[in-house]
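Below are the chains, spelled out letter by letter.
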Amino acid sequence: MRQETTTRRQFLKQMAAIAAMTAASTIFPGVLFAKDLQDKQVQAKLNAVDISIDDVTWKKAPCRFCGVGCGLLIGLAEGRAVAVKGDPASQVNKGLCCVKGYHSVMALYGKDRLKKAYVRKNGELVETPISEALDLVAQKMQETIAENGKDAVSIYGSGQWTIPDGYVANKLFKGAIGTNNVEANARLCMASAVTGFVSGFGLDEPMGCYDDIDYADVFVLWGNNMAEMHPVLFSRMLEQRQKRKDVKIIDLATRSTRTSLAANRSIIFNPQTDLAIANAICYEIIRNGQVHERFVERHCTFKSGKTDIGYGTEDGFAFTDEPTDISFEDFKTFLEDYAPEKVSKLTGVSVSDIRYLATLYGDPNRKVTSFWCMGVNQHVRGTWMNNLIYNIHLLVGKISSPGNSPFSLTGQPSACGTVREVGTLTHKLPHGTVDQEEARELAAEIWNVPVENIPPKPTYHTVEMFRALDRGDIRFMWIQVSNPMVSMPKLKRYRDGSLKEGRFVVVSDVYPTPTTDIADVILPSAMWIEREGLFGNSERRTQHWDQLVQPPGEAMSDTWQLIEVARRLGFEELFPWDEADHVEQIWKEYTRFHEGAKHGMAPYEVLKERPGVRWPFVDGKETLWRYNAAYDPATTQEDYDFYGKPEGKAWVWQRPYEPAAEEPSEAFPFWLCTGRVVEHWHTGSMTRRVSVLHQAMPHGYVELSPDDALEMGIQHGEIVRLVSPRGSLELPASVDKRGRPMPGHVFVPFFDESMLINELTLDAFCPISKEPDYKKCAVRVEKIS
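The following paragraphs examine the structure supplied in this document.

Here is what the cut-offs are and how they apply
Residues numbered from 1 in each chain as written. Predicted model: local features only at pLDDT ≥ 70, side-chain atom pairs only at ≥ 80, totals over all residues. Heavy atoms only, no water. Axes fitted to C-alpha atoms, helices over the stretch in contact; angles between N-to-C directions. Helix = DSSP H or I, 4+ residues; strand = E, 2+ residues; numbered from the N terminus. Parallel < 35°, antiparallel > 145°, perpendicular 65-115°, else oblique. Left-handed = near helix turned anticlockwise from the far one by under 90°. Contact = heavy atoms within 4.5 Å. Nonpolar A, V, L, I, M, F, W, Y, C, P; charged D, E, K, R; others polar. Pairing = 2+ DSSP bridges. Patch = residues over 30% accessible without salt bridge, like charges linked within 9 Å, V, L, I, M, F, W, Y side chains within 5 Å. Areas by Shrake-Rupley, 256 points an atom, 1.4 Å probe, with all protein chains shown as cover. Salt bridge = Lys/Arg side-chain N within 4 Å of Asp/Glu carboxyl O. Lys, Arg positive; Asp, Glu negative; His and termini not counted. Charge placed at Lys NZ, Arg CZ, Asp CG, Glu CD. Buried < 20%, exposed > 50% of the residue type's maximum accessible area, 1.4 Å probe, protein only. Phe/Tyr/Trp six-rings, centres within 6.5 Å; stacked < 30°, edge-to-face > 60°.

**Quick word on the packing of helix 4 (residues 130-148) against helix 23 (residues 558-568)**
A packed helix pair is summarised by two numbers, namely the angle formed by the two axes and the spacing between the axes.
Right, so step 1: Contact geometry of helix 4 with helix 23 gives a least axis separation of 9 Å together with a crossing angle of 55°. One element, helix 4, and the other, helix 23, form an angle in the oblique class. Helix 23 is crossed by helix 4, and the crossing has right-handed handedness. For the pair helix 4 and helix 23, the contacting residues are Ser 131, Leu 134, Asp 135, Val 137, Ala 138, Met 141 and Gln 142 in the first and Gln 561, Glu 564, Val 565 and Arg 568 in the second.
Right, so step 2: For the contact of helix 4 with helix 23, the class distribution of residues is five nonpolar, three polar and three charged.

Take a look at the structure:
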């Protein structure tokens, strides 16, 4: 029987008490900096710990609590990180920070920080020298492969992996061991963005950049609460609206949020019906004669795919789309089912609002940028939704130029750089996919392994990987920089599966979590600025930072943990780097995959000098807008060249509305949506240890609409019970506070590990991207007393 570590039990007991603490009670207080804060104000904060401003050294590093990639300056004194301010040299945030960024260094110094390795013996986790723990990890991998085959071992990483972390993991598992059992938690948040880009343009990642904010006249936010999830970018949008009075922000969402309050117009729609709204916008653009005919004729081709494609709720579910050529006239005929009058009844959005959205996109004198994140991507038709937003931009020719950009944002600092570019998903390689012979040959050449080592077929995507662990097809799993025992949907199945006999789980982390609770070995990791690293953010910007402070105890970077185990497995020749310069050497090897004008990466020396560089980096210059001949040196046509597709044309996809995998019923009459809050990041394992952030948001809650609360006699703060077909959860009600759902809807954030909302969610996913839908399942609300 696995038991919690002592440090973790202490943490759980301390959580309630922390809310009463003050910032000054932490080892080093969070020193907050505005853009124009003067040294005397900084000194006033530092006086509390007897540090002079003259003794503080400032070093650059990207923030690790978001996918935006804000540049920070870290204040260092007496061997510790003592302060933070936004880096004014960063083109991303221009000296600004959100509340998590300002307090980021405090996350290094929690009292229950993991400093030693632990090995489970007789059901108890026992402190063990890290060298012995690494020996055991290698031994268990060898035994598992010998007894069950190479596909019985796996690694599950993260969009918080640094680029070297992910690169070494990929090389070890796919190149050396010979299994494609590599996945990352970014599958849960941006896989639909990947398949949307690839199916539409042949290549992944945005064609635009954050500079679009400075040019756009209209921002349409598709299910994206940017005021809380991407507050720095949202602040930049608000600044543009203040400077240019015609700038408009449109919030298109399923609940009212802080973003709604700041927007020029808030449009609330019924869950899942964003598919119909996007098609209705296309219908109106065509009806109004606003199609950019020359652009469409020269640069677009039309496709349809399979329909009624399922939801992936059964083990072993498989799906492959089949694109079929259609004409523009076929596309017009398809859209006749999406006239605003019809769509309004389905979506709850008025005909006038649908037409208003279409006029914004269709107006040739307005530049339009669309932003989206989890609302579109965590969707059982997430790939389709990405396609449909691109359809709108392509029909009006508003793409790949300043201010005209369909832009999928990310929530982790290197979901793009490490997962999408390095290729830490089962089907991916750093350049191409495992089923492409040319991609395997290139990987084999660079990795110096036989091409036969790299299997030509993917194995398990994230949900199926945890199902395989439950079934016993996977026997060994190494989890790094992730907390799946909080974040997986339909959580109880996967937690119970990990605890079954014959499973061996290794967890590398910085704090005790529900995931370390199920571990057989815990490895203490160096965090963020305690090691050198590289991230890649949402706008194709690679960011480097140096090691700024020493890690505590025996904590070791995830990269070096992997290298130590690789050498114990007998792969010393494949991982020959010295610890002193391994990041530089790994970067130089990795960037060989991306040589050329389409994805060239900046040299290591350039990255060290600058606060980030966007790729493609060609002849010493960044590429700001891809596929546009005015900015992209990889183009071969006179204006636009969507060179990811063989014919150089973008694909406009015919994608219908299809219902959600689970909808409200008489037994479960409410929609449940899950998400984040501004104070905490994902599962809260780091930000809940920052007392300032914990005080501001000490526990989870369920948002109810005022109408539902009144009808059920529920008061704000009252404990209620949520029940789904998969489980139940008690938590306090939030009525008419930060967010306001529509009647028949509830919202729950997932940061609080004492209120595991994912025990209620469904593991249905987009059949193309395999990304789960955390935004739509059915529950009932019960008043307890």
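Structure shown, so let's carry the discussion forward.
**Regarding the sheet that holds strand 6 (residues 153-157)**
Right, so step 1: Read across the open sheet, the seven strands follow the order 5-4-18-17-16-6-7; overall the sheet is mixed. Of all the strands in the sheet, just strand 5 (124-128) and strand 7 (182-184) have a single pairing partner and so form its edges. Neighbour-to-neighbour, the strand axes of the sheet open up by a mean angle of 20°, direction not taken into account.
Right, so step 2: In this sheet, strand 5 lies alongside strand 4 (residues 117-121) in antiparallel orientation, the contact comprising five bridges. Of the residues in strand 5, the one forming a bridge with Arg 120 is Leu 125.
Right, so step 3: Sitting on the sheet, helix 19 (residues 462-471) touches strand 6, strand 7 and strand 16 (476-480), and the angle it makes with strand 6 is about 135°.
Right, so step 4: Seen against the sheet, helix 23 touches strand 6, strand 16, strand 17 (504-509) and strand 18 (521-524) and runs at an angle of roughly 150° to strand 16.

**What about a negative patch on the surface?**
Right, so step 1: A surface patch of negative charge is lined by Asp 50, Asp 54, Asp 55 and Glu 78.
Right, so step 2: Structurally, the position occupied by Asp 50 is in the loop between helix 2 (39-46) and strand 1 (57-62).
Right, so step 3: For Asp 50, a relative accessible area of 69% corresponds to the exposed category.

**Here's the deal with the packing of aromatic side chains**
Right, so step 1: In total, this model carries 32 aromatic pairs according to the counting rule given.
Right, so step 2: Plain terms: the ring middles of Phe 302 and Phe 328 are 5.5 Å apart, the flat faces sit at 55° to each other, and that makes the pair tilted. Of the two residues, Phe 302 is situated in strand 12 (residues 300-304) and Phe 328 in helix 12 (residues 328-335); the sequence distance between them amounts to 26 residues.
Right, so step 3: On the basis of relative accessible area, Phe 302 is assigned to the buried category, the value being 6%.
Right, so step 4: The class of Phe 328 is partly exposed, set by a relative accessible area of 27%.
Right, so step 5: Each residue in the set Phe 197, Phe 201, Phe 295, Trp 372, Tyr 390, Tyr 627, Tyr 640, Phe 642 and Tyr 643 is aromatic and connected to the rest through ring pairs, giving one cluster.

**Digging into the sheet that holds strand 3 (residues 80-86)**
Right, so step 1: Pairing is antiparallel across the open sheet formed by three strands, whose spatial order is 1-2-3. Every other strand in the sheet has two partners, leaving strand 1 and strand 3 as the edge strands with one partner each. Pairs of neighbouring strands in the sheet enclose a mean axial angle of 35°, with direction left out of account.

**Remarks on the pattern of salt bridges**
Right, so step 1: For the coordinates displayed, the defined rule picks out 57 salt bridges.
Right, so step 2: Salt-bridge contacts for Arg 531 lead to Asp 165; the nearest nitrogen and oxygen are separated by 2.9 Å. With a gap of 366 residues between them, Arg 531 in the loop between strand 18 and strand 19 (533-536) and Asp 165 in helix 5 (residues 163-177) connect regions that are remote in the sequence.
Right, so step 3: The exposure class of Asp 165 is buried, given its relative accessible area of 1%.
Right, so step 4: Close ionic contact of Asp 470 with Lys 500 constitutes a salt bridge, the shortest N to O distance being 2.7 Å.

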